[in-house]
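A closer look at the structure
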Amino acid sequence: MSESGEPVLTHDIDWQMLDKKKYVPLNLLSTFIVRSFLYPFTLVRTRLQVQIQSTIYKGTWHALHTTVRYEGFRSLYKGFLVYNCQLIPGLIYITTFEATRARANILTKNEYLRAGVGGTIASLFAQVLACPIDIVSQHMQLVGLTSPGRVTRSKDGMSAVSNTELSKTSSTRRQQRQIQRIHVPNEIRANNYLIFKHICRTLLYENNVDKNQKPQITLRGFYRGYMISTFLFSLTSAIWWPSYYFYQRQMLKIETIFPSLFPLPLLAIQCIAGPLSSLTSTILTNPLDVCRTRIQVEQERRRVAQIMRELWQEEGAGIFTKGLTARLSHSCVYSLFIIFGYETVKRISLKEEYKGQVRW
């Protein structure tokens, strides 16, 4: 209670304040809706990061237009069902984050440190399941990726190589300038299940180079780039969550100083803080994300240092902006909607005894 006798409203809802039976299904639903809406940007981001310089796409909007033109609108959702299996590690991530952040209160009262620790630990747990899903969905997103100058629109809506428009030398040079990925035969490219099956089988038996040996199953292919992936997402979380609470705090301070000029509801402030946090974390981690994508989709196993050196030789300082527009478009808009859903779901899921204590 305040000195005036009015209850002090909190802007931060902790884990113990939530009714988990409401929170879990509503969180899954809101996350699924946002992921579905923004998936084309996820696909385009992957394709931009994999291409060498601008040999295929000139930018985000050119990639969207070209993909639809040569592969059809449905191609923007290649790997969509596999990608949405991320809802499970996503739920693990957010519940681990909330639980860790609440328990970190024993160690420190600093909300930025609590958020950073919670985000880092949550990423460590979630990546055990998220990494294989990422790898398979990324391979599916790249099916059909080729230079627009080398494709024609076939009757079934799929892209096919056109050898009549390019010389043999030019075609060979273009192929050499693209990284080696899992080859998906043309005859199964119209069936997402067969594509999924082919990619999984290739990853399961990726170490069987000798056809005379008995095939041996290995999960190594599903955990390609696991260390850099875990490091990247842990670092991103360690930046994103403290930034989110920092920007939120600064806007609340501005509101206190200039109440008549800044009459925004708390939810609006949080929806502004989310994209600002994504802007910060995305810019700082973009080169790592490009490297991670390359490692996970290349057939040849190479070290992180080797990939980074190659990227620097190809792109120079452009490594800091490669696929950045698509990644920023996705992450900032994703954060806007996901924070709106996340904070709204938390308010709806409040236990009865805490209702009336949270500021809207």
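Residues numbered from 1 in each chain as written. Predicted model: local features only at pLDDT ≥ 70, side-chain atom pairs only at ≥ 80, totals over all residues. Heavy atoms only, no water.

1. A closer look at the packing of helix α5 (residues 111-141) against helix α7 (residues 192-204)
Put simply, α5 and α7 touch, their axes get as near as 10 Å, and they point 125° apart. Between α5 and α7, the angle is such that the two are oblique. Considering how the two elements wind past one another, α5 and α7 form a crossing that is right-handed. On α7, the residues that touch Ile135, Val136, His139 and Met140 of α5 are Asn192, Ile195, Phe196, Ile199, Cys200 and Leu203. Across the contact of α5 with α7, the residue classes tally to eight nonpolar, two polar and no charged. (Axes fitted to C-alpha atoms, helices over the stretch in contact; angles between N-to-C directions. Helix = DSSP H or I, 4+ residues; strand = E, 2+ residues; numbered from the N terminus. Parallel < 35°, antiparallel > 145°, perpendicular 65-115°, else oblique. Left-handed = near helix turned anticlockwise from the far one by under 90°. Contact = heavy atoms within 4.5 Å. Nonpolar A, V, L, I, M, F, W, Y, C, P; charged D, E, K, R; others polar.)

2. Quick word on α7
Counted at 1.5 Å a residue, the expected span for α7 with its 13 residues is 18 Å, and the 18 Å between its end C-alpha atoms agrees. Considered for burial, the residues of α7 that qualify are Ile195, Ile199, Cys200 and Leu203. Taken down its axis, α7 places every buried residue within 125° of arc, on the same side. Exposed positions of α7 whose direction lies more than 90 degrees from the buried face are Tyr193 and Arg201. (Expected span 1.5 Å × (residues − 1). Buried < 20%, exposed > 50% of the residue type's maximum accessible area, 1.4 Å probe, protein only. Arc of directions from axis to C-beta.)

3. Describing the packing of aromatic side chains
Evaluation of the coordinates by the stated rule reveals 19 aromatic pairs. Between Phe41 and Trp61 the ring centres are 5.8 Å apart and the planes differ by 85°, which places this aromatic pair in the edge-to-face class. Residue Phe41 is located in helix α1 (residues 20-50), and its partner Trp61 is located in helix α2 (residues 60-71); the two are separated by 20 residues in the primary sequence. Each ring, one from Tyr77 and one from Phe80, has its centre 5.3 Å from the other, and the planes form 80°; the classification is edge-to-face. Between the NZ or CZ atom of Lys20 and the centre of the ring of Trp15, over which it lies, the distance is 4.8 Å. (Phe/Tyr/Trp six-rings, centres within 6.5 Å; stacked < 30°, edge-to-face > 60°. Lys NZ or Arg CZ within 6 Å of the ring centre and 35° of its normal.)

4. A closer look at the environment of Ile182
Mapping Ile182 onto the fold places it in the loop between α6 (168-176) and α7. Apart from the residues within four sequence positions on either side, Ile182 is in contact with His139, His198, Ile199, Thr202, Leu203 and Gln299.

5. Describing the nonpolar core
If you look at the biggest cluster of nonpolar residues, it comprises 48 residues, and the most contacted ones within it are Tyr23, Val44, Ile94, Phe97, Trp241, Tyr244 and Tyr342. Counting residues per element, this core draws most heavily on α1, which supplies nine residues. Apart from the residues lying within four places of it in its own chain, the contact partners of Val44 are Thr60, Ala63, Leu64 and Ala326. Counting 15 residues, the second largest nonpolar core, distinct from the first, contains Cys131, Val136, Val143 and Ile199. (Core = buried A, V, L, I, M, F, W, Y, C linked by side-chain atoms within 4.5 Å.)

6. Here we look at the pattern of salt bridges
If charged atoms from side chains of opposite charge come close, those side chains can pair. Applying the stated criterion to the full structure yields 10 salt bridges. Between Glu98 and Arg101 there is a salt bridge; the shortest N-O distance is 3.3 Å. In this pair, Glu98 and Arg101 both sit in helix α4 (residues 87-103), three residues apart, roughly one turn of the helix. As far as the burial class goes, Glu98 and Arg101 line up, both buried. Notably, a salt bridge pairs Asp289 with Arg292, separated by 2.9 Å at the nearest N-O pair. Residue Asp289 and its partner Arg292 are located together in helix α9 (residues 266-297), separated by three residues, close to a single helical turn. For the pair shown, Asp289 and Arg292 are each scored as buried. Beyond isolated ion pairs, a larger network of salt bridges with shared partners links Asp134, Asp289, Arg292 and Arg327. (Salt bridge = Lys/Arg side-chain N within 4 Å of Asp/Glu carboxyl O.)

7. A word on the side chain of Arg35
Within the fold, Arg35 resides in helix α1. Despite being buried, Arg35 has no salt bridge partner; Asp134 is the closest side chain of opposite charge, sitting 7.1 Å away. Not counting residues up to four positions away in its chain, the partners in contact with Arg35 are Phe80, Tyr83, Asn84, Gln86, Leu87 and Tyr334. (Lys, Arg positive; Asp, Glu negative; His and termini not counted.)

8. Description of the confidence of the model for the chain
Taken residue by residue, the chain gives an average pLDDT of 80. The fraction at 70 or more is 84%. Mean pLDDT across the secondary structure elements of the chain bottoms out at α6, with 41, and peaks at helix α3 (residues 80-83), with 92. Between residues 1-7, whose pLDDT stays under 50, and residues either more than four places distant or in other chains, the model counts four contacts. Scored below 50 in pLDDT, residues 150-177 shows 41 contacts in the model against residues more than four places distant or in partner chains. (pLDDT = per-residue confidence, 0-100.)

9. What about the UniProt feature "transmembrane region" (unreviewed entry) in the chain?
Sites flagged by UniProt as "transmembrane region" (unreviewed entry) map to residues 221-241. Structurally, residues 221-241 comprises 76% helix and 0% strand, and the distance from its first C-alpha atom to its last is 31 Å. (UniProt positions renumbered as here; feature names shortened; annotations may be inferred.)

10. Notes on the packing of α5 against α9
Where α5 contacts α9, the two axes come as close as 9 Å, and the packing angle between them is 75°. On the basis of the axis angle, α5 is roughly perpendicular to α9. Note on element contacts: α9 touches α5 through Arg292, Thr293, Gln296 and Val297, opposite Cys131, Asp134, Ile135, Gln138 and His139. Residue composition of the contact of α5 with α9, by class: three nonpolar, four polar and two charged.

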